[in-house]
Amino acid sequence: MFTKIVTFILSLNLIFISGSFGCQLKKYQETDSFVCVCNKEYCDSLPVEPYSSPKSLTIFTSDKSYYRLTKSFVPESDLKLNQSSDIKVTLNVYDRFQSIIGFGGAFTDASGININRLTSDALKDRLIADYFGKDGAEYNIGRVPIGGADFSDRIYSYDDDVEDDFELKHFALAADDYDYKINYIKKAQQLNSNIKLLATPWAPPKWLKTSNKSEGLGILKGEPGSIYWKTYANYLIKFLESYKENSIEFWGLTPQNEPLTGLMPYYSFNTMGFSSYMMRDFIKKDLGPALKAAGYGLDKLELLLYDHNTDEVYSFARGVLSDKDAASYVSGVAYHWYAGPYKYVYDNLNKVHDAFPQYFLLSTEACEGWIRSDPDAGVTLGNWTRAETYASDVIEGLNRWSTGWVDWNLALNMEGGPNWVKNYVDAPIIVSDDGSEYYKQPMYYSLAHFSKFLKPGSQRIHHRIDKGRMDGVKMTTFVTPTNDLVIVVVNTNKESVQITFNGAGPSKFTLEFGPNSIKTIIKPL
Ligand SMILES: *[C@@H]1O[C@H](CO)[C@@H](O)[C@H](O)[C@H]1NC(C)=O
Ligand SMILES: *[C@@H]1O[C@H](CO)[C@@H](O)[C@H](O)[C@H]1NC(C)=O
Ligand SMILES: *[C@@H]1O[C@H](CO)[C@@H](O)[C@H](O)[C@H]1NC(C)=O
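None of the values given here were measured: they were computed from a predicted structure.

**What to know about the site of ligand 3**
By nearness alone, every residue bordering ligand 3 is listed as Glu163, Lys206 and Asn212. Within the side chain of Glu163, one N or O atom sits 2.9 Å away from a nitrogen atom of ligand 3. Within the side chain of Asn212, one N or O atom sits 2.3 Å away from an oxygen atom of ligand 3. Computed on the free molecule, ligand 3 has an accessible area of 360 Å², of which 33% lies beneath the protein chains in the complex.

Here is the structure:
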């Protein structure tokens, strides 16, 4: 099917459509929505700035049945009020909360392996532009694994060959860094010179771990302050320096990906265990001072603790931040969604903020299709539900002090890998088996509803639900640095809902939110 250009009228108070619905769509019988296909002949891009226009609302819509970040305008004079709308909301642009740091994804080995498989260089560039370009999702964060992760096709660290190499004389980046990560980070940086890169290790060289194995149960050998702990701190600094030699500088570091997994028996992939007290001591006695001495103090590099699921985020953060010395080296708390949507533990984010308000919260990993026992584990092409779970999780976090959201793999194969332990999952971009095309999933557009419009520095503002129940409807409200009001709403219901907004300017107005849709609304203030 070829590009469709459509003009349309929405049921309520619309208006005219400016952009085109550029998706080259492909539907799969087993799923409820579609993907947008990118190949040598064609790839849809997203609208470029300016997004707002004076005296009108700009609305971007994606939904299950038809639209993908489709742009429309409503002149203010055409705004209507429906007194019997389902939901009434009052915004207060003066009541302000946290500022956005950003949105992004991860430069995993798996991502690089899949992008490398694309048969044309133009398509590789387009994929990076889909994420980081002005005509793409405008991501500004890139997470980078330090050495191998499960989403690698082999286990490796940067000092595997010589045991007890405490001086790290044999430290060297791997071919994987050059072939899968560095080249694509550089391409992304050409599109956005302000990308914040966040480095995270999965496992250290085996000889630093009690188990002498990268995967599974095991902690750092020795005690805080011992040669093992100091060597590991130096190892992380060597990584930062080696990337710097390749002209890549990091914005932030977490000491360990998912530290609690390394305390679990039979955990299958690369990890190392830290309890909150171990991480406290590592930061306080070894990593913090070493970073500072190497010129990576908090003025140069953000240090984020935890980097694991929301269910334990508060207790872990408290364990580290209650110690003044450890806390002095830390600037933020990183969390992952995996416990979130299933255990309703988002309020732990509020608890972290309330107890430690000067430390920012950032969602640093999430993906769909990760529950191994689910029949739909891994990739499902065109799955709209996953666009909704992404948008819902972003909103739940933003409404509880989170400063952004970082997705997991930028690109996976049709199976959801490669992953050396076959821990296959879904991703917003999937590369076809023959590498001639890639598929932009509903999740890709879902994230763009936030990443393109909530520019760094945008501040959350208060909204109050005056009437109606937000069943299946989630909303977050921001003001950007250029003084645009941005409202993002996901409606997961099969029916449309009408929402009346008050406080967004002189007049009240009502907008309709279609069945299974995501909308970003922009209004200059
Ligand atoms: C779509 O994703 C949801 C959430 O992961 C899952 O429950 C559902 O089974 C998936 N649908 C298909 C057809 O795979
Ligand atoms: C006003 O909103 C209600 C609730 O959604 C809806 O039933 C009604 O049709 C709307 N009226 C108009 C004129 O759109
Ligand atoms: C660690 O494992 C390697 C094999 O991976 C082995 O050669 C070495 O002897 C082991 N070291 C210790 C201290 O057990």
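**Here's the deal with the sheet that holds strand β8 (residues 141-146)**
Pairing is parallel around the closed barrel formed by eight strands, whose spatial order is β7-β8-β9-β10-β11-β12-β13-β14. Strand direction decides the pairing type here: strand β12 (residues 332-336) and strand β13 (residues 360-365), joined by five bridges, are parallel. Paired with Tyr335 across the two strands is Ser363, which belongs to β13. This element, helix α5 (residues 276-293), spans β10 (252-253) and β11 (302-309) of the sheet and lies at about 150° to β11.

**Re the environment of Tyr184**
Within the secondary structure, Tyr184 is located in helix α3 (residues 175-191). Taking the C-alpha atoms as reference, Tyr184 lies 7.4 Å from Ile128; in sequence the two are 56 residues apart. The contacts of Tyr184, once residues within four sequence positions are left out, are Phe107, Gly112, Ile115, Asn116, Lys124, Ile128 and Asp179. Polar contacts involving the side chain of Tyr184 include one to the side chain of Asn116, which spans 2.5 Å.

**Examining the pattern of salt bridges**
Throughout the structure, instances matching the rule amount to 27 salt bridges. A salt bridge links Glu437 to Lys26, with the shortest nitrogen-to-oxygen separation between them at 4.0 Å. Here Glu437, found in strand β17 (residues 437-440), pairs with Lys26, found in strand β2 (residues 25-27); they are 411 residues apart in sequence, far enough to count as distant. With relative accessibility at 32%, the residue Lys26 sits in the partly exposed group. Close ionic contact of Asp44 with Lys440 constitutes a salt bridge, the shortest N to O distance being 3.2 Å. Of this pair, Asp44 sits in the loop between β3 (34-39) and β4 (56-63) while Lys440 sits in strand β17, and the two are 396 residues apart along the sequence. A residue is classified by how much of its surface remains accessible, and Lys440, at 0% relative accessible area, is buried. The network of salt bridges with common partners includes Asp44, Arg126, Asp130, Asp135 and Lys440.

**Observations regarding the environment of Ser84**
Here Ser84 lies in the loop between β5 (70-75) and β6 (87-99). On the basis of relative accessible area, Ser84 is assigned to the exposed category, the value being 60%.

**Focus: the packing of helix α10 (residues 384-398) against helix α11 (residues 442-451)**
Between α10 and α11, whose axes approach to 7 Å, the crossing angle comes to 25°. In terms of their interaxial angle, α10 and α11 are classed as roughly parallel. For α10 against α11, the interelement crossing comes out right-handed. For the pair α10 and α11, contact is made by Trp384, Arg386, Ala387, Tyr390, Ala391, Val394, Ile395 and Leu398 and by Pro442, Met443, Ser446, Leu447 and Phe450, respectively. For the contact of α10 with α11, the residue count by class is 11 nonpolar, one polar and one charged.

**Some points on the UniProt feature "domain: Glycosyl hydrolase family 30 beta sandwich" (unreviewed entry) in the chain**
On the UniProt side, "domain: Glycosyl hydrolase family 30 beta sandwich" (unreviewed entry) is annotated at positions that read residues 457-521 here. Measuring from the first to the last C-alpha atom of residues 457-521 gives 18 Å, for a span that is 0% helix and 62% strand.

**Here we look at the state of the cysteines**
Applying the stated criterion across every chain yields a total of two disulfides. There is a disulfide in this structure between Cys23 and Cys36, and the S-S distance comes to 2.1 Å. With the S-S bond torsion at -110°, the cross-link from Cys23 to Cys36 turns out left-handed. You can see Cys23 sitting in the loop between β1 (16-17) and β2 and its partner Cys36 sitting in strand β3, a full 13 residues away along the chain.

**Description of the packing of helix α2 (residues 121-132) against α3**
Each packed pair of helices is defined by two parameters, the angle between the axes and the distance between the axes. Orientation of α2 relative to α3, taken along the N-to-C sense of each, is 55°, at an axis distance of 9 Å. Taken together, the axes of α2 and α3 are oblique relative to one another. At the point where α2 passes α3, the crossing takes the right-handed sense. Residues Lys124, Asp125, Ile128, Ala129 and Phe132 of α2 pack against Tyr184, Lys187, Ala188 and Leu191 of α3. In terms of residue class, the contact of α2 with α3 is built from six nonpolar, no polar and three charged.

**A short note on the packing of aromatic side chains**
Under the defined criterion, the tally for this structure stands at 36 aromatic pairs. On the numbers, 5.1 Å between centres and 75° between planes, the contact of Tyr338 with Trp370 is edge-to-face. With Tyr338 in the loop between β12 and α8 (340-343) and Trp370 in the loop between β13 and α10, this residue pair connects regions lying 32 residues apart in the sequence. An aromatic cluster of at least three residues, connected via ring pairs, comprises Tyr156, Tyr158, Phe171, Trp229, Tyr232, Tyr235, Phe239, Tyr243, Phe250, Phe274 and Phe282. Against the face of Phe97 rests Arg460, its NZ or CZ located 4.2 Å from the ring centre. Directly above the ring of Trp401 sits Arg460, whose terminal nitrogen or CZ lies 5.4 Å from the centroid.

**With respect to the nonpolar core**
Nonpolar side chains in soluble globular proteins generally cluster together in the buried interior. Judged by nonpolar contacts, the single largest core of 134 residues is most densely connected at Phe239, Phe250 and Leu305. The element best represented in this core is helix α4 (residues 227-245), accounting for nine residues. Both domain 1 (3-98 + 458-524) and domain 2 (101-451) contribute no fewer than three residues apiece to this core. Ignoring sequence-local partners within four residues, the contact set of Phe250 consists of Val144, Leu197, Leu198, Ala199, Phe239, Leu240, Tyr243, Lys300 and Leu301. If you look at the next biggest cluster of nonpolar residues, it comprises 23 residues, including Leu91, Ile499, Ala504 and Phe513.

What counts and how
- Residues numbered from 1 in each chain as written.
- Chains lettered and ligands numbered in written order.
- Predicted model: local features only at pLDDT ≥ 70, side-chain atom pairs only at ≥ 80, totals over all residues.
- Heavy atoms only, no water.
- Near = heavy atom within 4 Å.
- Polar contact = N/O pair within 3.5 Å; in protein donor to acceptor, adjacent residues only side chain to side chain.
- Areas by Shrake-Rupley, 256 points an atom, 1.4 Å probe, with all protein chains shown as cover.
- Pairing = 2+ DSSP bridges.
- Helix = DSSP H or I, 4+ residues; strand = E, 2+ residues; numbered from the N terminus.
- Contact = heavy atoms within 4.5 Å.
- Axes fitted to C-alpha atoms, helices over the stretch in contact; angles between N-to-C directions.
- Salt bridge = Lys/Arg side-chain N within 4 Å of Asp/Glu carboxyl O.
- Buried < 20%, exposed > 50% of the residue type's maximum accessible area, 1.4 Å probe, protein only.
- Parallel < 35°, antiparallel > 145°, perpendicular 65-115°, else oblique.
- Left-handed = near helix turned anticlockwise from the far one by under 90°.
- Nonpolar A, V, L, I, M, F, W, Y, C, P; charged D, E, K, R; others polar.
- UniProt positions renumbered as here; feature names shortened; annotations may be inferred.
- Disulfide = S-S within 2.5 Å.
- Phe/Tyr/Trp six-rings, centres within 6.5 Å; stacked < 30°, edge-to-face > 60°.
- Lys NZ or Arg CZ within 6 Å of the ring centre and 35° of its normal.
- Core = buried A, V, L, I, M, F, W, Y, C linked by side-chain atoms within 4.5 Å.
- Domains from an automatic or database assignment.

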